[in-house]
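Topology and contacts: notes
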Amino acid sequence: QVQLVESGGGLVQAGGSLRLSCAASGSILSLRAMGWYRQAPGKERELVAATTSSSSTNYADSVKGRFTISRNNAKNTVYLQMNSLKPEDTAVYYCNAEVVSRDYYRRDYWGKGTLVTVSS
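Here's what I pulled together on the structure shown here. This one's a predicted model, so the numbers in the text were calculated from it and none came from an experiment.

1. Regarding the overall build of the protein chain
Looking only at helices and strands, one finds zero helices and 11 strands in the protein chain. Taken over the C-alpha atoms alone, the protein chain extends approximately 50 × 25 × 25 Å along its principal axes. For the protein chain, buried positions account for 40% of its 120 residues. Only carbon and sulfur atoms are counted for the fraction: they give 47% of the accessible area of the protein chain, which is about 6400 Å². Put simply, the protein chain has 14 plus and 9 minus side-chain charges, and the middle of one group is 6 Å from the middle of the other.

2. Things to note about the state of the cysteines
For the coordinates displayed, the defined rule picks out one disulfide. The side chain of Cys22 participates in a disulfide bridge whose partner is Cys95; the two sulfur atoms lie 2.1 Å from each other. Residues Cys22 and Cys95 are joined by a disulfide whose S-S torsion is about -80 degrees; by sign, that bridge is left-handed. Of this pair, Cys22 sits in strand 3 (residues 18-26) while Cys95 sits in strand 9 (residues 91-101), and the two are 73 residues apart along the sequence. Across this residue pair, the class does not change: Cys22 and Cys95 are buried.

3. Focus on the environment of Ala33
Mapped onto the elements of the fold, Ala33 is located in strand 4 (residues 28-39). Linking Ala33 and Lys43, residues 10 residues apart in sequence, is a C-alpha distance of 24 Å.

4. Comments concerning the pairing of strand 1 (residues 2-7)
Regular strands show a simple pattern: their side chains alternate between the two faces of the sheet. Residue alternation in strand 1 divides its side chains into a buried set, Val2, Leu4 and Glu6, and an unburied set, Gln3, Val5 and Ser7. Sheet topology places strand 1 next to strand 3; six bridges connect them, and they run antiparallel. Residue pairing in the sheet places Ser7 in a bridge with Ser21 of strand 3.

5. Things to note about the packing of aromatic side chains
The final tally for this structure, using the stated rule, is one aromatic pair. Taking 4.9 Å as the distance between ring centres and 65 degrees as the angle between the ring planes, the aromatic pair formed by Tyr37 and Trp110 counts as edge-to-face. Of the two residues, Tyr37 is situated in strand 4 and Trp110 in strand 10 (residues 106-110); the sequence distance between them amounts to 73 residues. Given the relative accessible area of 38%, Trp110 is considered partly exposed. When the ring centre of Trp110 is taken as reference, the NZ or CZ atom of Arg45 above it lies at 4.7 Å.

What counts and what doesn't
- Residues numbered from 1 in each chain as written.
- Predicted model: local features only at pLDDT ≥ 70, side-chain atom pairs only at ≥ 80, totals over all residues.
- Heavy atoms only, no water.
- Helix = DSSP H or I, 4+ residues; strand = E, 2+ residues; numbered from the N terminus.
- Buried < 20%, exposed > 50% of the residue type's maximum accessible area, 1.4 Å probe, protein only.
- Areas by Shrake-Rupley, 256 points an atom, 1.4 Å probe, with all protein chains shown as cover.
- Lys, Arg positive; Asp, Glu negative; His and termini not counted.
- Charge placed at Lys NZ, Arg CZ, Asp CG, Glu CD.
- Disulfide = S-S within 2.5 Å.
- Pairing = 2+ DSSP bridges.
- Phe/Tyr/Trp six-rings, centres within 6.5 Å; stacked < 30°, edge-to-face > 60°.
- Lys NZ or Arg CZ within 6 Å of the ring centre and 35° of its normal.

Here it is as C-alpha cells:
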C-alpha cells in the first residue's frame, strides 16, 4: 500500500505565495509521473502541473509563469510553489503519483487533498 500526504495549504491574500508538499510512503519501488490537480467548488478536477521521473514538466495555461512543480526523488516528494496567487486559484489541491510498487505493479494513487483559499 502507498500513501500520499499533502501539506502546505491554507489561506493567503491575492498576490501571495504558498508551497505545497506531497510525500509518498509505503511499498514503493519507484515513482514515475507525479502531479498536482485541483478541484474548485462546482467544477471538475483539473491538472495543474505534472513532472516525470526525469523531471520534465508541464503546466496548465492558467498557472504558467506563476507555479513551479519540482520533485525530490530521494525523499519521494513533489512540491508545488505557487506565486502571484489569484482568487480563482482557490480549490482543493490533490497530489497524484504513478507508483511502481514492490510487487512490480504500476498503480495510480491520490492524496486526500489540501485546501488553498485565496482572498481578494
